[in-house]
Amino acid sequence: MIINHPLLGPRDAQEFTYLGDASLIDRPDWQAEDADRKFYEYAYLRDNPAGLHRELWFHEQGDRSWLVVTRNTVTHEITQVELARDVARARGRSA
Amino acid sequence: MRYSGFKVIKEALTGHKGWTPAWRDPDPQPSYDVVIIGGGGHGLATAYYLAKQFGGKRIAVLEKGWIGGGNVGRNTTIIRSNYLLDGNEPFYEFSLKLWEGLEQDLNYNAMISQRGILNLIHTDAQRDAFTRRGNAMILNGADAELLSVDQIRARYPFMNFDDARFPIKGGLAQHRGGTVRHDAVAWGYARGADSLGVDIIQNCEVTGFRIENGVCKGVETSRGFIGAGKVGCAVAGSSGRLMAKADMRLPIESHVLQAFVSEGLKPILPGVVTFGAGHFYCSQSDKGGLVFGGDLDGYNSYAQRGNLPVVEDVAEGGMALFPMLGRVRLLRMWGGIMDMSMDGSPIIDRTHIGGLYFNGGWCYGGFKATPASGWCFAHLLAKDEPHPVAAAYRFDRFEKGRMIDEKGMGAQPNLH
Ligand SMILES: Cc1cc2nc3c(=O)[nH]c(=O)nc-3n(C[C@H](O)[C@H](O)[C@H](O)COP(=O)(O)OP(=O)(O)OC[C@H]3O[C@@H](n4cnc5c(N)ncnc54)[C@H](O)[C@@H]3O)c2cc1C
């Protein structure tokens, strides 16, 4: 698989390590009433779709940026690559 | 029909005209007491034990393709019970004992071969960990032996003992471990279940659940609605996809694992060898092919095929351990979809929906579990309470903090 890095261009997926579903960006509020339930769901439950999947890849052997890659889990085709930073900011997750 | 040596000779002399199909091909009934989804090893074993041990009646197994086309026919056929943790080891030892009597029980040759499995040790820390694991196995009634380098050399003289990075310093052996012909397991259980009246319905995909007031009344399928008193899901790598139809999110990710087989060679590898540090394990099939594999590809996938980096990684691991492999040609490679759970251990449990039961999260180790998984899932379906050796395989263990994490990796499925 080739990941088209937004800053560096096409890179071999071997340079990256995989974390999982990009919903891991949406860390629950630790002060919420139901925080224990929310953290359980956050840490352990997954949509695990067959089809489009937004997921976190880390460019460990490269510029060490985190990416959100949209990939089809049935065909392995990658259709979108974004900097995780930008995604997190757009969701108000990061300064 | 009973199979026997006598029957084989008789048929050989009479033109093989007396063999009958090993199982029927029935149309689905409007409803059953128990519907099991998934005609892999676990689904078929569940149906067999439900009918045989727990007096189940009116049982159907629904398979979207053909039985044995999933992971039960794609794995590298290794059986063992060399686990550390209390939640796991009694279950896998129960399974190994069932394997030991399986062919007689099923009257089916599954080519069960207890040729032994050897986990290699390269460091002092690993020896400590393996000693502990061996002791845990023995405490649970399994067999384990810590082998010295000389003992290993006597059986596997061709291995690279002096690799600079991972020199072989010993190994943990389980002599009762080994290999089984995987297709025969699916066929043997199918034949056994069918002869007890179970309907095995192939080309029948479950497309939804009919749930009324929190109770599952049956399943929608590509062959129409089928009513059910109880529904048991055992679809391995498709678990996430199937349970989403009941609006459930699981502590499971689907990942692809590849396997490889070489051209046929003379007998060279007497047992199963695992080289965990180098991401490589290998055995030799009775046809002579070296059957080997390594790690997961490591990303979510439903594709049943992997990518080249893992092929390279496995080949490197193989060459590091068995330098003689260099000129062996690869015959085939393939992938299967693993139901990787968040702690690396399985789930056999009720769901929050009445009448709906789940069996999954087998990761890359569910083949060896087939008999016990079937038995324990049948126990749960019949009695509505877990079998004692599977009592820890609950959904709520993640919420309660009772993970069964053999490797201590945490909630990272691609690392288990
Ligand atoms: C490459 C590889 C190597 C492995 N090596 C080993 C090993 O050495 N030792 C070991 O113990 N384990 C091993 N495993 C793991 C083991 O094969 C699995 O854990 C185990 O087979 C899973 O259970 P099963 O046999 O019931 O799965 P499957 O055979 O996959 O059965 C599930 C069935 O459900 C069907 N299904 C899915 N969705 C639906 C639906 N909606 N409706 C109807 N039917 C449906 C599928 O078609 C499939 O036939 C390996 C797996 C792979 C892929």
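Keep in mind the model is a prediction, meaning the values are calculated, not measured.

Turning to the overall build of chain A, a few remarks are in order. Across its full length, chain A carries 2 helices and 6 strands. Helices and strands in chain A line up, N terminus first, as β-β-β-α-β-β-β-α. Looking at chain A residue by residue over its 95 residues, the buried ones come to 44%. Pairs at least 24 residues apart make up 48% of the contacts formed inside chain A by residues separated by at least 6 positions. Carbon and sulfur atoms provide 48% of the accessible area of chain A, an area that totals close to 5,200 Å². Computing the positive centroid from 12 side-chain charges and the negative centroid from 16, chain A places the two 3 Å apart.

Our next topic: unusual backbone geometry. Negative phi characterises most residues that are not glycine, and trans characterises most peptide bonds. A positive phi angle, close to 60°, is found at Arg 64 of chain A, a residue other than glycine. Along the chain, Arg 64 of chain A falls in the loop between strand E4 (52-58) and strand E5 (66-72). One non-glycine residue with positive phi stands out, namely Asn 213 of chain B, at about 50°. When you line up the elements, Asn 213 of chain B lands in the loop between strand E9 (206-212) and strand E10 (215-221).

With that settled, consider the confidence of the model for chain B. Averaged over all residues, the pLDDT of chain B is 97; the fraction at 70 or higher stands at 100%. Overall fold confidence (pTM) sits at 0.97, and the ipTM for the predicted complex is 0.96.

Glancing now at the site of the ligand. All names here are of chain B. Taken together, the neighbourhood of the ligand is formed by 37 residues, with Glu 63, Asn 71, Val 72, Thr 76 and Lys 368 sitting nearest. In this structure, Val 72 approaches the ligand through a main-chain N or O atom, which is 2.8 Å from an oxygen atom. Between Thr 76 and the ligand, the recorded distance is 2.8 Å, taken from a side-chain N or O atom to an oxygen atom. When the free accessible area of the ligand is taken as 990 Å², the share hidden by the protein chains comes to 95%. Contributions of two or more residues to the shell around the ligand are made by helix H2 (41-52), strand E12 (252-264) and strand E16 (330-341). Each residue belonging to the shell around the ligand can be placed in one class, and the counts come to 17 nonpolar, 15 polar and 5 charged. Shared between two domains, the shell around the ligand takes at least three residues from each, and those domains are domain 1 (24-78 + 182-251 + 343-415) and domain 2 (113-176 + 253-341).

Let us now look at the sheet that holds strand E4 (residues 117-121) of chain B. Residue and element names in this part refer to chain B. The sheet built from 8 strands is open, its strands ordered E5-E6-E4-E13-E14-E15-E12-E16 with mixed pairing. In this open sheet, the two edge strands, each paired with only one partner strand, are strand E5 (145-147) and E16. Averaged over neighbouring strand pairs, the angle between their axes works out to 25° when direction is ignored. Here E5 runs beside strand E6 (residues 170-174); their pairing, made up of 3 bridges, is antiparallel. Along E6, the bridge assignment pairs Glu 145 with Ala 173. Of the strands in this sheet, E4, E5 and E6 touch helix H4 (residues 124-139), which is tilted by about 150° from E4.

Moving on, we get to the domain arrangement of chain B. Residue and element names in this part refer to chain B. By the assigned domains, chain B splits into domain 1 (24-78 + 182-251 + 343-415) and domain 2 (113-176 + 253-341). Placing the centre of domain 1 and that of domain 2 at their C-alpha centroids yields a distance of 28 Å. With 20 residues of domain 1 at the contact, the number on the domain 2 side is 22 residues. With both chains or domains summed, domain 1 and domain 2 bury close to 1,900 Å², and 57% of this area falls on carbon and sulfur atoms. For the domain 1 face of the interface with domain 2, the top three residues by lost area are Arg 74, Thr 76 and Pro 413, together amounting to 33%. Put simply, domain 1 and domain 2 have 0 salt bridges between them. Joining domain 1 to domain 2, the criterion identifies 13 residue pairs in polar contact (both at pLDDT 80 or more). Here the side of domain 1 that touches domain 2 gets 3 residues from one element, more than from any other, and that element is helix H7 (residues 239-244). The residue makeup of the side of domain 1 that touches domain 2, split by class, is 7 nonpolar, 10 polar and 3 charged.

Residue and element names in this part refer to chain B. A surface patch of nonpolar side chains, about 270 Å² in accessible area, is lined by Met 1, Val 8 and Trp 19. Considering the arrangement of structural elements, one finds Met 1 in the segment before helix H1 (5-13). Met 1 sits in the partly exposed class, given a relative accessible area of 42%.

Here we take up the pairing of E4 of chain B. All names here are of chain B. The buried fraction of E4 is high, at 5 of 5 residues. Looking at chain direction, E4 and E6 are connected through 5 bridges and run antiparallel. Bridging from a neighbouring strand, Ile 117 pairs with Gln 174 of E6. By the bridge criterion, 3 bridges tie E4 to strand E13 (residues 272-275) in an arrangement that is parallel. Its bridge partner being in E13, Leu 118 is matched across the sheet by Val 273.

Here we come to the side chain of Thr 179 of chain B. Residue and element names in this part refer to chain B. Secondary-structure assignment places Thr 179 in strand E7 (residues 178-179). Reaching out from Thr 179, the side chain makes a polar contact with the side chain of Arg 115 at a distance of 3.4 Å. Those residues in contact with Thr 179 that sit more than four places away from it in its chain are Thr 77, Ile 79, Met 111, Ile 112, Ser 113, Arg 115, Val 272 and Ser 283.

Looking now at the interface of chain B and chain A. When the parts of a complex come together, some accessible area is lost, and that lost area is often used as the size of the interface. Between chain B and chain A, the contact holds 27 residues from the first and 22 residues from the second. Carbon and sulfur atoms make up 49% of the area that chain B and chain A hide from each other, which totals about 2,200 Å². For the chain B face of the interface with chain A, the top three residues by lost area are Arg 249, Asn 300 and Tyr 302 of chain B, together amounting to 29%. Where chain B touches chain A, the interface holds 3 salt bridges. Across the pair Glu 253 of chain B and Arg 46 of chain A runs a salt bridge, and its minimum N-O distance is 3.4 Å. Remark: the boundary between chain B and chain A carries 14 residue pairs in polar contact (both at pLDDT 80 or more). Mapped by element, the contributors of at least two residues to the side of chain B that touches chain A are H7, E12, strand E15 (289-300), helix H8 (308-321) and helix H10 (397-400) of chain B. Per-element tally for the side of chain B that touches chain A: the top contributor is E12 of chain B, with 4 residues. Looking at the side of chain B that touches chain A residue by residue, the classes come out as 12 nonpolar, 9 polar and 6 charged.

Rules of the game
Residues numbered from 1 in each chain as written. Chains lettered and ligands numbered in written order. Predicted model: local features only at pLDDT ≥ 70, side-chain atom pairs only at ≥ 80, totals over all residues. Heavy atoms only, no water. Helix = DSSP H or I, 4+ residues; strand = E, 2+ residues; numbered from the N terminus. Buried < 20%, exposed > 50% of the residue type's maximum accessible area, 1.4 Å probe, protein only. Contact = heavy atoms within 4.5 Å. Areas by Shrake-Rupley, 256 points an atom, 1.4 Å probe, with all protein chains shown as cover. Lys, Arg positive; Asp, Glu negative; His and termini not counted. Charge placed at Lys NZ, Arg CZ, Asp CG, Glu CD. pLDDT = per-residue confidence, 0-100. Near = heavy atom within 4 Å. Polar contact = N/O pair within 3.5 Å; in protein donor to acceptor, adjacent residues only side chain to side chain. Nonpolar A, V, L, I, M, F, W, Y, C, P; charged D, E, K, R; others polar. Domains from an automatic or database assignment. Pairing = 2+ DSSP bridges. Axes fitted to C-alpha atoms, helices over the stretch in contact; angles between N-to-C directions. Buried area = accessible area lost by both parts, 1.4 Å probe. Salt bridge = Lys/Arg side-chain N within 4 Å of Asp/Glu carboxyl O. Patch = residues over 30% accessible without salt bridge, like charges linked within 9 Å, V, L, I, M, F, W, Y side chains within 5 Å.

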